Amino acid sequence: MKRYDYLSPEWAAEVKKQLQADLPAEKMKFITTSMSNIYTNCPDGKVRYLFFRCEKGVFTEVRVGDGEPPAADFRITGDHALFSLISQAKMKSQRALMTGKLKLRGNMVKALKLASLADRMNAVIAAVPTNFG
Amino acid sequence: MVIKKSTEKRDPYFIDFPGRVARVQKAMTAGKIDVYLGSRLRTASWITGAFCPWRTYVVIPKKGLPTVFTFVIDAARVADDSWLDEDHILGYAPMGGMDQVSLVADFIREELGVKKGRIGVENGLSNYLPEGVLTHFEYQQFEAALAGADLVDAYDIIDKLSLIKDEGTINRFREASRIVDIGHKAVRAALVNGGYKGKTETEIGGVAAHAMRKAGSEWEWSFTGGNEIASGYRTGLAGGACTPASRRRIRKGEPLMVDIHAMFKLGQGDHSHNYLIGKATKRQKWHAKNFIDIVILTLKTYRAGISPAGLAEEMMTFAEERGFAEYMVPGFEHGIGMTGDEWRIGMNDGPFPFWTNPDHLYRENELLICAMQYACPDEEIGFRYENPILIRKDGCEPLSRYPLGVEEIA
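Cut-off values and rules
- Position labels on residues start from 1 in each chain and follow its written sequence.
- The lettering of chains begins at A and the numbering of ligands begins at 1, in the order of writing.
- Where totals are concerned, whole chains, interfaces and linings use all residues; where local detail is concerned, this predicted model gives features only for residues with pLDDT of at least 70, and gives and counts side-chain atom pairs only at 80 or more.
- Helix and strand labels come from DSSP, where a helix needs a run of H or I of at least four residues and a strand needs a run of E of at least two; each type is numbered from the N terminus.
- Atoms counted for the radius of gyration: C-alpha only. Globule rule: 2.2 Å times the number of residues to the power 0.38.
- Whether a residue is buried, exposed or partly exposed is read from the other C-beta atoms within 10 Å of its own C-beta, which are placed from the backbone; 20 or more gives buried, 12 or fewer gives exposed, and intermediate counts give partly exposed.
- We call two residues in contact if the C-beta atoms placed from their backbones are at most 7 Å apart.
- DSSP calls a pair of strands paired once it identifies at least 2 bridges connecting them.
- Axes here refer to lines fitted to C-alpha atoms; in helices the fit is confined to the stretch in contact. Angles between the N-to-C directions go from 0 to 180 degrees.
- Orientation is classified from the angle alone, with under 35 degrees giving roughly parallel, over 145 giving roughly antiparallel, 65 to 115 giving roughly perpendicular, and any other angle giving oblique.
- Put simply, a crossing is left-handed when the front helix is turned counterclockwise from the back one by less than a right angle, and right-handed when it is turned clockwise.
- In this classification, the charged set is Asp, Glu, Lys and Arg, the nonpolar set is Ala, Val, Leu, Ile, Met, Phe, Trp, Tyr, Cys and Pro, and all remaining amino acids, among them Gly, are polar.
- Here the expected span of a helix is defined as 1.5 Å times the quantity of residues minus one.
- It is the directions from the helix axis to the C-beta atoms whose arc is reported.

A separate point is the overall build of chain B. Scanning chain B for helices and strands turns up ten helices and 14 strands. Relative to the compact-globule value of 22 Å for 410 residues, chain B shows a C-alpha radius of gyration of 23 Å, a close match. Along the first, second and third principal axes, the C-alpha set of chain B runs to 70 × 45 × 40 Å. Residues classed as buried in chain B amount to 49% of the 410 residues present. Counting contacts in chain B only where the partners sit at least 6 residues apart, residues at least 24 apart contribute 68% of the total.

Set out below in structure tokens:
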């Protein structure tokens, strides 16, 4: 089975494919939203982002990059090591937020509506064969 | 400005909330305030038009709509009740970046772009617990999070602008008073013909609450225990003017004081009515007549141009002449405004910080609660009068119309 390097463009493409396959629009409640995860303290010292866009419940964009992330409804900032734990389903994103390890920017009320969807997304991401390095 | 919800001007309860914000912003400009950071309940009520029971921060920029931050569990409801939309009523929560200080400070620095300058805050103190001035801890936290900006006292902007009531606000108070009168009718019906027997103070409070809720009251608003009911010796506690209902039963031969509260669109009803249960003694009737006479005289005396101290002197002289001055609490009013504005009258310009200035001169269309307490602890008897009154040029308009009297109930 092919394994993808974490936060590589190939990994992002596989994540998008799996999200589209496993989370059809009805499971995503036909939402339109966007989210930038901002990874600080990456192993190479850079700041990276993982950007998701969902339109009417369909994942239309999963993109990785460095530098300034695209504008998004929600920005979640945290250590690379922490995000990698979340991506392996070893840590719940909600726990990371509640303990202040992740920092959220965006409308909290809207974020609450999406909390269960984020868990579903993370479960799908965790199933993608990944080299976390 | 984009307005999600606004009552129509034909609506008797119409309040021009965007106009209020514009007047605050004009005052901010005059006071060289870059951002107003309100935390008092009265400010939240006056700006949002919604009941904000959780700690709420009202951030008013120099231009544009305010953004309000309240506890996330209530933010969607506040947005639903307010004229502001859900993008201007945001929730805070104990999560990274979402705690109240980080969220508000980040908003001011990054969304409003205010990294230096003067941020108006609401410092101070109050005898009323839900006032909501900044705590010392909050002040320190905001000062650190907004380093580079100066936090300056600015509460007088809201206090000045909210002092004279507009027609919509006055009508909300009128409606709340009409509802309170319905509560009093229900209480009376429950007490007469021996109905008082076996009933407790808490039950009387509930009878009033049920009737007022049926009539549309949103809340028995007072933090002093909702509907304040006192019977027997509790009516005459020395200097007492706060009686949350107890489980004490109503008894023949005793006084009963019914001080009930209703809220209508953040306008507040507050009226007290008094009873003597069973056949009153001559002495009880003497106390009751003293009380009624001074209430009548007080209501006749209120008008624009008089002051709390002037009125108190005049009333206490009357009480002295009649021989009951020792039973009067020498204060005859407290302030009132939309929910949270419930104690001090006028501005903070008196001899004691954040207390009513005794020389405050009443102006037309000020609202206050005419509040009088008669208490004779030795004889275990007392009466209370409270009623929102609207100050007019040549008099006052009592908003509760419930007939004045100390009623003997058999």
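A few words now on the pairing of strand β2 (residues 57-61) of chain B. Residues and elements named next belong to chain B. By the criterion of burial, β2 is predominantly enclosed, with five of the five residues buried. Because side chains alternate across β2, one face comprises the buried residues Tyr 57, Val 59 and Pro 61, and the other comprises Val 58 and Ile 60, equally buried. Hairpin connection, β2 to strand β3 (residues 67-71): the antiparallel pair is bridged by five residues, and Gly 64 has positive phi, about 90 degrees.

In helix packing, the relevant descriptors are the interaxial angle and the interaxial distance, both defined with respect to the helix axes. All names here are of chain B. Axis separation between helix α4 (residues 100-111) and helix α5 (residues 136-145) bottoms out at 10 Å; the angle between their running directions is 40 degrees. If you check the angle between α4 and α5, you find them oblique. As for how α4 packs across α5, the hand of that crossing is right-handed. Touching Val 101, Ser 102 and Ala 105 of α4 are Gln 141, Phe 142 and Ala 145, all from α5. Residue composition of the contact of α4 with α5, grouped by class: four nonpolar, two polar and no charged.

Here we come to helix α10 (residues 308-322) of chain B. Residues and elements named next belong to chain B. Compared with an ideal rise of 1.5 Å per residue, which puts 15 residues at 21 Å, α10 spans 21 Å between its outermost C-alpha atoms and is within 8% of the ideal. If you check which residues of α10 are buried, you get Pro 308, Leu 311, Met 315 and Ala 319. Each buried residue of α10 sits inside an arc of 70 degrees when the element is viewed along its axis, so together they form one side. Pointing more than 90 degrees away from the buried face of α10 are the exposed residues Thr 317, Glu 320 and Glu 321. Those residues of α10 that are buried lie in contact with α9 (282-301) and β10 (333-335). Just downstream of α10, Gly 323 is the residue with a positive phi angle, here 85 degrees.

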